[in-house]
Amino acid sequence: MAEREHDKIEVAKKKMPINNDDKVEPTKSIDDLPKLQYAIEDVPPWYICIVLGLQHFLTLATTVISAPLIISAPLCIQVGQETDELAKAEIIGTIFVVAGINTFLQTLFGCRLPIVQGGSAAFLPPLFAIASTFGDCPTVLPMGSNLTEFYIMNPNSTEPVVINGSEEHREAWRARMRAVQGTLMVASVLEILVGFSGIMGLLLKFIGPIVITVTISLIGLSLANLAANIAANQWGIAFLTFALILIFSQYMAKIKIPSYSNGKCSKSLGYPIFQLFPVILAILVAYIVSVILTYTDVFPDDKDHIYYKARTDSRISVLTNAKWFRFPYPGQWGKPTVTVAGIFGMLAGIVASMVESIGDYYVAARLSGAPPPTTAAINRGIGMEGIGCILAGAWGTGNGTTSYSENIGALGITQVGSRRVIQTGAVIMLVLGVINKFCAVFVTIPDPIVGGIYIVMFGMVTAVGLSNLQFVDLNSSRNLFILGVSLMLGLSVPDWTNKNKEMINTGEPIIDEIFRVLLSTSMFIGGGVAFFLDNTIPGTKKERGLLAWVHQTGGLSAEETRKKFSCYDMPFGNDAIYNASWTRYIPICPNFLSVTDTEDSSEIGEKSKQAEGYTNDGHEQSAL
């Protein structure tokens with residue numbers, strides 16, 4: 001009888017509704033690792049390393065080709081219909097070489113995650129502001145023009161006039177490039193200090209997903225007009241490029257090209273070419289269409305016509321003018337110069353790139369089968385990016401360097417997170433970067449095709465920023481207020497500043513320029529507002545999304561902790577580092593983890609156990 005009553009009680013318990021308000025939901029975390037073909041410390045066969053390394057190079061190349069186009073007008077490389085195409089090829093080669101050097105340094109001594117280092121859109125607004133301090137570009141005449149005839153026809157002209165590709169024209173854009181170089185190198189010192197001194201590790205407690213969301217999203221949103229203006233050269237080709245990327249990457253992603261093994265065709269072992277190379281395939285197809293429309297004269301050969309830039313032969317001369325080999329070197333554009341206003345503007349780009357990199361580190365760690373990065377790894381990564389920015393400034397890429405989100409996405413697509421693959425890709429970048437003819441090929445891609453790529457690329461940058469909201473409680477009015485206000489101010493204040501620069505007048509030209517540069521940088525405004533509000537408006541760590549950013553080491557012994565995070569160890573000398581007690585106080589040493597993270601990790605580990613339904617003594621809790 002007693003057993004029957006007990007069974008009835010148990011049945012009644014199961015039927016009773018659970019009060020969801022009292023149930024502790026587990027915090028969404030990034031510790032669940034995906035299944036990988038090769039994890040971070042695995043070494044694939046050499047031929048796989050080469051193929052996958054080439055793929056990362058091609059992924060980088062799809063964005064690199066856009067960099068000279070973006071900076072060409074502000075730097076006066078392109079003025080009206082005249083462009084120094086040879087300069088673009090030289091800059092592309094420089095970017096490849098510097099990206100290869102920085103990627104190798106980052107994977108060897110930096111955060112040691114499989115991350116490609118390249119230019120960032122975060123440095124573009126400061127670059128535009130610095131270039132604007134030089135005033136208007138000179139009038140550029142086509143190659144072969146006669147300056148004497150020009151002045152005879154325009155006797156009242158007082159503007160400087162140069163011939164496209166001449167030494168005077170090259171000096172005009174080199175002067176602006178040198179100003180960008182100098183300010184970038186000086187501003188990069190801050191990133192080195194923040195990283196190697198351990199300040200970055202301390203700031204992690206204050207930089208949450210909301211701040212990262214706003215800062216990264218504003219990078220993409222602030223460049224929306226640029227994408228539209230370049231695509232407007234021929235909207236048909238631009239939309240074709242966008243549509244092809246959409247079809248290849250989304251609708252045809254699961255289609256595999258059959259492979260042959262032992263004389264038999266196998267679809268199951270096929271190659272997902274559309275998933276791996278959607279941008280490259282889209283460029284090839286759109287380029288072929290542009291070739292057909294060029295040689296059937298659908299696109300006019302009049303340089304003054306808006307559709308002229310859609311022709312594939314509009315820049316064909318760069319292939320013949322470019323040298324086969326060119327070795328970029330520091331100071332190739334001349335001695336870098338520095339402006340005070342430019343330094344403050346570039347600092348905003350440095351800060352934005354650091355925040356962007358923090359988010360990239362966590363994503364790259366998850367996609368490569370590694371545990372969340374340690375504080376020491378993040379410190380080294382940020383410090384190494386600062387060194388990379390100094391190298392970028394010394395060589396003159398026209399941009400800083402940061403972690404490349406596009407290549408991080410490739411880790412998830414290929415399910416290959418091997419560090420050795422990225423290092424192989426870095427070598428490929430170095431080799432191909434000195435082949436100037438190869439770099440010149442990218443220059444011949446018509447502008448509308450690049451515009452179509454921009455629509456996708458800037459959209460993805462925005463989306464990567466918004467993806468950090470998955471860790472935040474979006475039912476919280478606090479978080480919605482911070483997010484909305486920060487984004488609105490980040491878009492509206494720079495827009496007003498660019499239209500009313502004369503309204504900023506303190507009486508000191510240098511101070512005026514500093515304010516103009518800072519207030520016209522969307523990441524500085526939006527990110528700064530988000531940082532202030534997120535750290536002053538009351539909110540729990542779970543509400544702010546901070547719990548998901550702390551790696552869980554609670555309950556692990558020192559030996560187990562070292563084994564779990566061994567992928568972040570230095571490439572050599574680790575036994576000596578761990579055996580020395582004083583290295584625990586050095587922010588970039590691997591064993592710095594035991595000093596900085598024990599308290600938070602234990603707290604997070606205990607809360608996670610409770611969230612998953614366990615009591616302090618390790619027994620499973622009843623749903624009631």
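Residues numbered from 1 in each chain as written. Predicted model: local features only at pLDDT ≥ 70, side-chain atom pairs only at ≥ 80, totals over all residues. Heavy atoms only, no water.

Please set out the overall build of the protein chain residue by residue, giving values where relevant.
Assigned secondary structure in the protein chain consists of 28 helices and eight strands. For the protein chain, the residues scored as buried account for 51% of the 624 residues in total. Of the contacts formed within the protein chain by residues at least 6 apart in sequence, a portion of 80% connects residues at least 24 apart. Approximately 28900 Å² of the protein chain is accessible, and the part contributed by carbon and sulfur atoms is 63%. (Helix = DSSP H or I, 4+ residues; strand = E, 2+ residues; numbered from the N terminus. Buried < 20%, exposed > 50% of the residue type's maximum accessible area, 1.4 Å probe, protein only. Contact = heavy atoms within 4.5 Å. Areas by Shrake-Rupley, 256 points an atom, 1.4 Å probe, with all protein chains shown as cover.)

Break down the confidence of the model for the protein chain for me, with residues and values.
The predicted coordinates ought not to be read in detail in places where the model reports low pLDDT. Confidence in the prediction for the protein chain averages 77 pLDDT; 81% of positions are at 70 or higher. Per-element averaging of pLDDT across the protein chain places helix α27 (residues 593-596) at the bottom with 44 and helix α16 (residues 375-395) at the top with 92. Counting contacts from residues 551-555, a segment whose pLDDT is below 50, to residues more than four positions away or on other chains yields 18 contacts. (pLDDT = per-residue confidence, 0-100.)

Describe the environment of Leu-319, and please don't skip the residues or the numbers.
Counting through the fold element by element, Leu-319 comes out in helix α14 (residues 317-321). For the pair formed by Leu-319 and Lys-437, sequence separation is 118 residues and the distance between their alpha carbons is 6.3 Å. When sequence neighbours within four positions are dropped, the list of residues in contact with Leu-319 reads Lys-437, Ala-440, Val-441 and Thr-444.

Report on unusual backbone geometry, specifying residues and quantitative values.
We note that Cys-76 has phi near 75 degrees; this positive angle belongs to a residue other than glycine. With respect to the helices and strands, Cys-76 occurs in the loop between α3 (66-72) and β1 (78-79). Backbone geometry places Arg-112, a non-glycine residue, at a positive phi of 65 degrees.

Give me the state of the cysteines: which residues, what numbers.
With the rule as written, the count across this model stands at one disulfide. The disulfide partner of Cys-76 is Cys-137, and the gap between their sulfur atoms is 1.8 Å. Taking the sign of the S-S torsion, about -85 degrees here, the bridge from Cys-76 to Cys-137 comes out left-handed. Residue Cys-76 is located in the loop between α3 and β1, and its partner Cys-137 is located in the loop between α5 (124-132) and β4 (139-141); the two are separated by 61 residues in the primary sequence. Under the relative-accessibility criterion, Cys-76 is labelled buried at 1%. (Disulfide = S-S within 2.5 Å.)

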